[in-house]
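Single-letter residue listing:
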Amino acid sequence: MFKIIMAFYYLITAFIAALIFWNFWLEKKKVDRLILYLLVLIPMILRLLRIK
């Protein structure tokens, strides 16, 4: 049961990270928004790589 929950957790995290990266990729004008996207994206990537 625990493995199923962890699999869903990583799938949801990967999906949210992909959405954030997509918004980061499409944002061309405002540098402050790019920085905010990166600040949110970095912890998501670290979770997917299992780095604490």
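About the criteria used
Residues numbered from 1 in each chain as written. Predicted model: local features only at pLDDT ≥ 70, side-chain atom pairs only at ≥ 80, totals over all residues. Heavy atoms only, no water. Helix = DSSP H or I, 4+ residues; strand = E, 2+ residues; numbered from the N terminus. Rg over C-alpha atoms; globule rule 2.2 N^0.38 Å. Buried < 20%, exposed > 50% of the residue type's maximum accessible area, 1.4 Å probe, protein only. Salt bridge = Lys/Arg side-chain N within 4 Å of Asp/Glu carboxyl O. Phe/Tyr/Trp six-rings, centres within 6.5 Å; stacked < 30°, edge-to-face > 60°. Axes fitted to C-alpha atoms, helices over the stretch in contact; angles between N-to-C directions. Parallel < 35°, antiparallel > 145°, perpendicular 65-115°, else oblique. Left-handed = near helix turned anticlockwise from the far one by under 90°. Contact = heavy atoms within 4.5 Å. Nonpolar A, V, L, I, M, F, W, Y, C, P; charged D, E, K, R; others polar.

Caption draft 1: View of the overall build of the chain. Secondary structure summary: the chain contains 2 helices and 0 strands in total. Here the C-alpha atoms of the chain give a radius of gyration of 13 Å, more than 25% beyond the 10 Å that 2.2 N^0.38 yields for 52 residues. Its C-alpha atoms give the chain principal-axis dimensions of roughly 45 × 20 × 10 Å. Across the 52 residues in the chain, those meeting the buried criterion constitute 15%.

Caption draft 2: How the structure looks around the pattern of salt bridges. Applying the stated criterion across every chain yields a total of 1 salt bridge. Arg 33 is paired through a salt bridge with Glu 27; the nearest N and O atoms lie 3.7 Å apart. The exposure class of Glu 27 is buried, given its relative accessible area of 16%.

Caption draft 3: A look at unusual backbone geometry. Positive phi, normally seen in glycine, also occurs at Arg 50, with a value near 60°. Considering the arrangement of structural elements, one finds Arg 50 in the segment after helix 2 (31-48). For Arg 50, a relative accessible area of 63% corresponds to the exposed category.

Caption draft 4: Inspection of the packing of aromatic side chains at higher detail. Taken as a whole and judged by the stated rule, the model has 3 aromatic pairs. Ring geometry for Tyr 9 and Tyr 10: centres 5.3 Å apart, planes at 70°, overall edge-to-face. Of the residues examined, Tyr 9 reaches a relative accessible area of 37% and is grouped as partly exposed. Every member of this aromatic cluster is reached through a ring pair, and the members are Phe 21, Phe 24 and Trp 25.

Caption draft 5: Expanded view of the packing of helix 1 (residues 2-26) against helix 2. The contact between helix 1 and helix 2 brings their axes to 9 Å, and the two run at 155°. It follows that helix 1 is roughly antiparallel to helix 2 by the angle criterion. In this structure, the crossing between helix 1 and helix 2 has a hand that is left-handed. Facing Tyr 9, Tyr 10, Thr 13, Ala 14, Ile 16, Ala 17, Ile 20, Phe 21, Asn 23 and Phe 24 of helix 1, the residues of helix 2 in contact are Leu 34, Tyr 37, Leu 38, Val 40, Leu 41, Met 44, Arg 47 and Leu 48. Residue classes in the contact of helix 1 with helix 2 are distributed as 15 nonpolar, 2 polar and 1 charged.

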